[in-house]
Amino acid sequence: MTTPAGFRFPVKGEVAVFRGELYRARAAAGLWPCAELLPEPGRPAPEGLTPREAADESVGYPVAPERLDAWDAVHWTFRWRGELFKCTRATTSTYSGNYLGSDEDFAKEHLKRLAGTYYGVFPRDEVTELKLHRKDLIQPLHALVRRLDEVDHFRPKAYAVHHGRTYPAAAEADASGLIALTAGDDRPDDLIADPEDPSGERFLAAPEQLDAWYRTHWTFCWQRGPFDAVGTVDGRIKGVYTGGSWGFADSWQLTHEPDPNGAYTRYTVTAGLKGVTDLEHQRTDLIALAGAPLDLQMGERVYRFIRDRRTEDEKQRPEGYDWEVGRELWNLSRNYANAVQAGDTDEAGRLLGALMAKADQWKSHPHHAVVSAGVPSP
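Residues numbered from 1 in each chain as written. Predicted model: local features only at pLDDT ≥ 70, side-chain atom pairs only at ≥ 80, totals over all residues. Heavy atoms only, no water.

Chemist: It is not clear to me how the overall build of the chain should be interpreted in this structure. Could you clarify?
Modeler: Across its full length, the chain holds eight helices and 22 strands. For the chain, with 378 residues in total, the buried portion stands at 40%. Long-range pairs, those at least 24 residues apart, make up 57% of the contacts in the chain with a sequence separation of at least 6. Looking at the chain as shown, the accessible area adds up to about 21,400 Å², and 48% of this sits on carbon and sulfur atoms. (Helix = DSSP H or I, 4+ residues; strand = E, 2+ residues; numbered from the N terminus. Buried < 20%, exposed > 50% of the residue type's maximum accessible area, 1.4 Å probe, protein only. Contact = heavy atoms within 4.5 Å. Areas by Shrake-Rupley, 256 points an atom, 1.4 Å probe, with all protein chains shown as cover.)

Chemist: What is the right way to read helix α7 (residues 345-359) from this model?
Modeler: The first and last C-alpha atoms of α7 sit 21 Å apart over 15 residues, in line with the 21 Å expected at 1.5 Å per residue. Residues of α7 that are buried include every one of Ala348, Leu351, Leu352, Leu355, Met356 and Ala359, and no others. The arc that holds the buried residues of α7, viewed along the axis, is 140°, so those residues lie on one side. When the buried face of α7 is taken as reference, the exposed residues oriented beyond 90 degrees from it are Asp346 and Ala357. (Expected span 1.5 Å × (residues − 1). Arc of directions from axis to C-beta.)

Chemist: What is the right way to look at the environment of Ala73 in this model?
Modeler: Locating Ala73 in the fold gives a position in strand β6 (residues 70-80). For Ala73 and Glu14, which are 59 residues apart along the polypeptide, the C-alpha to C-alpha distance reads 4.3 Å. Not counting residues up to four positions away in its chain, the partners in contact with Ala73 are Gly13, Glu14, His133, Arg134, Lys135 and Leu137.

Below, the structure is given as structure tokens:
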């Protein structure tokens with residue numbers, strides 16, 4: 001399992017070619033999408049690269065994938081007595097491997113069984129058709145990087161259209177009801193500069209001065225649970241759980257963290273894109289919401305308050321989580337959001353009242369006054 005240059009391929013793992021030289025490799029933790037080269041003991045360090053010590057005290061040399069000649073995941077297969085095996089270990093005298101065939105009688109007669117897998121250890125001179133298999137890691141990585149760049153890593157964004165031109169914008173109006181647009185050097189003549197912006201690139205517009213004002217974000221499902229995307233981490237999509245099941249959050253060990261404003265807690269996950277389904281681009285008309293007496297944030301605020309209180313109570317109850325109540329709360333929250341977006345003020349008010357009625361059982365909680373602020377009386 002060596003190259004002509006004497007490099008010993010791993011039985012299973014990653015290898016990369018840098019400036020014509022072959023190295024063991026791994027993904028560079030925290031430096032995605034970089035690879036990390038791992039020179040063999042006694043071999044010179046890759047020229048021009050800075051070493052970095054990992055958490056396990058091993059030393060690697062990070063390098064951007066565009067500087068690599070190749071980066072592959074590799075494994076070996078072989079045959080013993082005509083049957084196919086995946087190599088798991090190699091010594092100077094033997095090969096070990098997991099059985100890939102389907103002959104149950106052969107396996108029971110010649111092999112050992114462990115955790116549902118048949119395996120064996122064989123003398124080297126009895127092994128035939130030893131074969132190296134490669135899986136290209138660079139091209140799929142480049143494709144993923146391009147995809148993430150195209151959608152700006154699935155980050156939520158807000159935009160305003162003024163005289164036919166689209167500008168990045170604030171997702172909320174300020175206390176005066178004005179919307180901040182980032183225009184850079186392209187200053188709109190009929191808008192005033194934001195006095196609180198020292199860069200001079202931000203301008204203020206009233207909703208009636210805009211052709212459109214909207215927010216975009218992505219939603220997805222992971223393990224059948226609903227999430228709002230908030231960005232990516234090391235090429236994996238990060239999302240905030242929007243379901244109502246504390247049991248789901250606990251079972252899948254979602255990360256418990258405060259929201260950016262510190263007003264409530266939320267559950268998040270960082271998942272590989274291959275494990276994500278129903279990835280959809282959403283658009284919300286902020287002008288329509290600004291003119292509505294009820295907004296999406298109001299319903300979300302009430303829903304999260306109830307969810308957090310139920311989570312606290314559940315820890316004190318031996319009987320566990322009430323799934324029917326959780327499902328009802330989730331449906332109320334989603335239906336409220338749909339009614340607001342559809343402009344159905346009467347239905348939105350009714351649903352918000354139903355949510356507040358459930359929140360009122362925690363009136364003595366210090367956050368209740370904050371949550372109920374601005375909620376119309378029924």
